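# Notes for the structure review
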Amino acid sequence: MAGLIGAFAIGVGLRAAVARIFGVSGDGMSTRLDPLGVVAACFSGTGWGSPGAAPASRREWWAIAAGPVAALVASQLAFVAYRRAYPDMGLPLRLYRPSDVLHGAVAPTHAAQLMLSVAVGLLCFGLLALLPVPPFDGYRLITVPTPDGPAAWERLAALVAFVLLVVPVAGRPPLLMALDTVAGPLVRVWA
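Residues numbered from 1 in each chain as written. Predicted model: local features only at pLDDT ≥ 70, side-chain atom pairs only at ≥ 80, totals over all residues. Heavy atoms only, no water.

Here the focus is the pattern of salt bridges. Applying the stated rule across the entire model yields three salt bridges. Linking Arg97 and Asp180 is a salt bridge whose minimum nitrogen-to-oxygen distance equals 3.7 Å. A residue pair is termed long-range when its members are at least 10 positions apart, and Arg97 in the loop between helix H4 (91-95) and helix H5 (98-102) and Asp180 in helix H9 (residues 174-188) qualify at 83 residues. Connected via shared salt-bridge partners are Arg97, Asp100, Arg172 and Asp180. (Salt bridge = Lys/Arg side-chain N within 4 Å of Asp/Glu carboxyl O. Helix = DSSP H or I, 4+ residues; strand = E, 2+ residues; numbered from the N terminus.)

Here's what the structure looks like:
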């Protein structure tokens, strides 16, 4: 759990740093927490922050796009650190799915578990953020700004994302199965 909290803190910090680099502040780069996203993270190991407004400028668009990319790059750097610190512990990377790591059942030592949880947590946060549906950043990248703010159907979409992350279908939540399919090969590269 400490690794996932660390991954979340790093992800939020990266997002804030990217916003600062691009000179974006306010609602364009929201770093607030969405209660539904936090509950999803507690149950599934990954979640989302509060959805912000669609980008009003090209600069905001790049800042939104750079947030998930920064999390993905940081995850790869964390994998490098894990493999350098534990060169003989490639087996957990081959055996377990990313969702197993998100649920905390993997590495043989606490330190290795922490490093692996940070790496996989950042990878899954970054991949999830790229989904082109509300409440994720990928959706914000393909929408146009509206003066009314998010529509009611966007909150409904967040509820659907929550259900897909938390409620098992055929043994596992569908969105975690999708993350396992996409993130699994990226994790096994480091095995």
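Turning our attention to the nonpolar core. Most often, soluble globular proteins have nonpolar side chains that are buried together. Counting 36 residues, the largest nonpolar core has Trp48, Phe79, Tyr82, Leu116, Val120, Leu123 and Leu165 as the members making the most contacts within it. Elements with a contribution of two residues or more to this core: helix H3 (58-85), H5, helix H6 (110-129), helix H8 (152-166) and H9. The leading source of residues in this core is H6, at 11 residues. (Core = buried A, V, L, I, M, F, W, Y, C linked by side-chain atoms within 4.5 Å. Buried < 20%, exposed > 50% of the residue type's maximum accessible area, 1.4 Å probe, protein only.)

The next point concerns the packing of aromatic side chains. For any two aromatic rings, the description comes down to two numbers: the centre-to-centre distance and the angle of the planes. Overall, the coordinates contain three aromatic pairs when judged by the stated rule. Between Trp61 and Trp62, the aromatic rings sit 5.0 Å apart at their centres with planes inclined by 85°, giving edge-to-face as the arrangement. Judged by its relative accessible area of 26%, Trp61 falls in the partly exposed class. For the pair Tyr82 and Tyr86, a centre-to-centre distance of 5.7 Å together with 45° between the ring planes defines the contact as tilted. Tyr86 matches Tyr82 in its accessibility class, with the two residues each being buried. The aromatic ring of Trp61 is capped on one face by Arg58, whose charged end is 5.6 Å from the ring centroid. (Phe/Tyr/Trp six-rings, centres within 6.5 Å; stacked < 30°, edge-to-face > 60°. Lys NZ or Arg CZ within 6 Å of the ring centre and 35° of its normal.)

Such coordinate-based values are descriptive only and should not be taken to indicate function.
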